[in-house]
Amino acid sequence: MRILIHKDYEALSKWCAYYIAKKIKDGRPSADKPFVLGLPTGSSPIGTYRELVKLYQAGKASFKNVVTFNMDEYVGLPENHPQSYHYFMEEHLFRHIDIPRGNINIPNGNAPDLAKECQAYEDKIVKAGGIDLFLGGIGVDGHLAFNEPGSSLISRTRIKTLTHDTRVANSRFFDNDVNKVPQIALTVGLGTIMSAKEVMIIINGYSKARALYQVVEQGVNHMWTGSMLQLHQHGIIVCDDEATMELKVGTVKYFKDIERHDLENLPEL
Ligand code: GLP
């Protein structure tokens, strides 16, 4: 896998946005053959979304022929609840860009039959031609989407119970009250993510240092589900210096050296 270690969150976010915009552009998408982009929520991608909006406003990126699939959604939160992932995506990305409403897909955590909703979501991804690029973040316990420790490494979209740790981490968005954080979510599976043609994971800040270490320097392990990226043909981790605190000096130097060109230059649009 590729590992790009940027100096800080600003640099990382800008690079990710340019990379995504370039992939879309190079894919020459059309209404018949759109570019299919998988998207996360959380604080990690906020900077990337901000930069993507800037690229759109500068006329350097268009989402007219992009279809998106979000990774996950809480069960039981109304879509207009400020902490729902529907609301988050609207606020941080969708209402600022030219993506047609019908091209946006987010699991429906209020569907009457949740299992059916999950299967329909998987079917829709296949019908769209599969995901070209799946962007993700990571939890402090190394989870991708809501694939908590112990998740099947070949899982598909399904209902997941959130761990206490994840609910505590996410309670910062719910008045610091863990009881307000939903206990259940719908999430794409690790198999769903692995089926994407390319997977790019943002890992930033000291709090993610242990997760980055487990994912990069330890083996593939269902207790650190992000480690599954080691088995992807085109996996990219984009991180900042802070997140590398638990990596060996040699590992950091190695990846900084082989990725020197990309660390010094933004993908050309
Ligand atoms: C949640 C989301 C994940 C996200 C993680 C980390 O659990 N389901 O997709 O990667 O939080 O969030 P943050 O980026 O805010 O640290």
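Quick look at the structure, then. (Residues numbered from 1 in each chain as written. Predicted model: local features only at pLDDT ≥ 70, side-chain atom pairs only at ≥ 80, totals over all residues. Heavy atoms only, no water.)

**Observations regarding the sheet that holds strand β2 (residues 35-39)**
With parallel pairing, the seven strands of this open sheet are ordered in space as β1-β10-β9-β6-β2-β3-β5. Whereas interior strands pair on both sides, the edge strands pair on one side only; in this sheet they are β1 (2-6) and β5 (104-105). Where β2 and strand β3 (residues 66-70) come together, five bridges link them in parallel fashion. Looking at β3, one finds that F35 is bridged to V66. (Pairing = 2+ DSSP bridges. Helix = DSSP H or I, 4+ residues; strand = E, 2+ residues; numbered from the N terminus.)

**Some points on the site of the ligand**
Lining the immediate surroundings of the ligand are 13 residues, of which S43, S44, D72, H143 and K208 lie closest. Within the side chain of H143, one N or O atom sits 2.8 Å away from an oxygen atom of the ligand. At 3.2 Å, a backbone N or O of A145 approaches a nitrogen atom of the ligand. Burial of the ligand by the protein chains amounts to 94% of its free accessible area of 390 Å². Comparing atom positions with the cavity grids shows the ligand to sit within the largest pocket. (Near = heavy atom within 4 Å. Polar contact = N/O pair within 3.5 Å; in protein donor to acceptor, adjacent residues only side chain to side chain. Areas by Shrake-Rupley, 256 points an atom, 1.4 Å probe, with all protein chains shown as cover. 1 Å grid on protein atoms, 1.4 Å probe; cavity = no way out; pocket = protein on both sides within 12 Å on 5 of 7 lines; lining within 4 Å. Sits in = over half its atoms within 2 Å of the grid points.)

**As for the layout of surface pockets**
In this structure, the largest pocket encloses a volume near 630 Å³. In this structure, the largest pocket is lined by 36 residues; those nearest its centre are T41, G42, S43, N170 and R172. Going through the elements one at a time, β4 (72-74), α3 (85-92) and α5 (164-170) are the ones with two or more residues in the lining of the largest pocket. When its residues are assigned to classes, the lining of the largest pocket shows 16 nonpolar, 14 polar and six charged. If you go around the second largest pocket, the residues you meet are K23, G27, P29, K33, P34, F35, D132, K197 and E198. Of the residues that constitute the lining of the second largest pocket, the class distribution is three nonpolar, one polar and five charged. (Points joined across faces, edges and corners; volume = space filled by probe spheres on them. Nonpolar A, V, L, I, M, F, W, Y, C, P; charged D, E, K, R; others polar.)

**Observations regarding the pattern of salt bridges**
Counted by the stated rule, this structure contains 13 salt bridges. Residue E10 pairs with R50 through a salt bridge whose shortest N-O separation is 3.2 Å. With a gap of 40 residues between them, E10 in helix α1 (residues 9-26) and R50 in helix α2 (residues 46-57) connect regions that are remote in the sequence. For K197, the salt bridge goes to D132, with nearest N and O atoms at 3.0 Å. Of the two residues, K197 is situated in the loop between α6 (190-194) and β9 (198-203) and D132 in the loop between α4 (114-127) and β6 (133-136); the sequence distance between them amounts to 65 residues. On the basis of relative accessibility, which here comes to 16%, the residue D132 falls in the buried class. Each member of the salt-bridge network shares a partner with another, and the members are R2, E259 and D262. (Salt bridge = Lys/Arg side-chain N within 4 Å of Asp/Glu carboxyl O. Buried < 20%, exposed > 50% of the residue type's maximum accessible area, 1.4 Å probe, protein only.)

**Re the packing of aromatic side chains**
As enumerated under the stated definition, the model contains seven aromatic pairs in all. Between the aromatic rings of F69 and Y121, the centroid separation amounts to 5.6 Å while the plane-to-plane angle is 80°, which identifies the pairing as edge-to-face. Here F69, found in strand β3, pairs with Y121, found in helix α4; they are 52 residues apart in sequence, far enough to count as distant. Comparing F69 with Y121, the two get one shared label, buried. With a centroid separation of 5.7 Å and an interplanar angle of 85°, the aromatic rings of Y74 and F174 are classed as edge-to-face. Taken as a pair, Y74 in strand β4 and F174 in the loop between α5 and β8 (184-187) lie far apart in primary sequence, 100 residues in all. Relative accessible area serves as the criterion here: at 2%, Y74 is assigned to the buried category. (Phe/Tyr/Trp six-rings, centres within 6.5 Å; stacked < 30°, edge-to-face > 60°.)

**Examining the environment of K33**
Take K33: it is sitting in the loop between α1 and β2. Relative accessible area serves as the criterion here: at 62%, K33 is assigned to the exposed category. For the pair K33 and V67, spaced 34 residues apart in the sequence, the C-alpha separation amounts to 9.7 Å.

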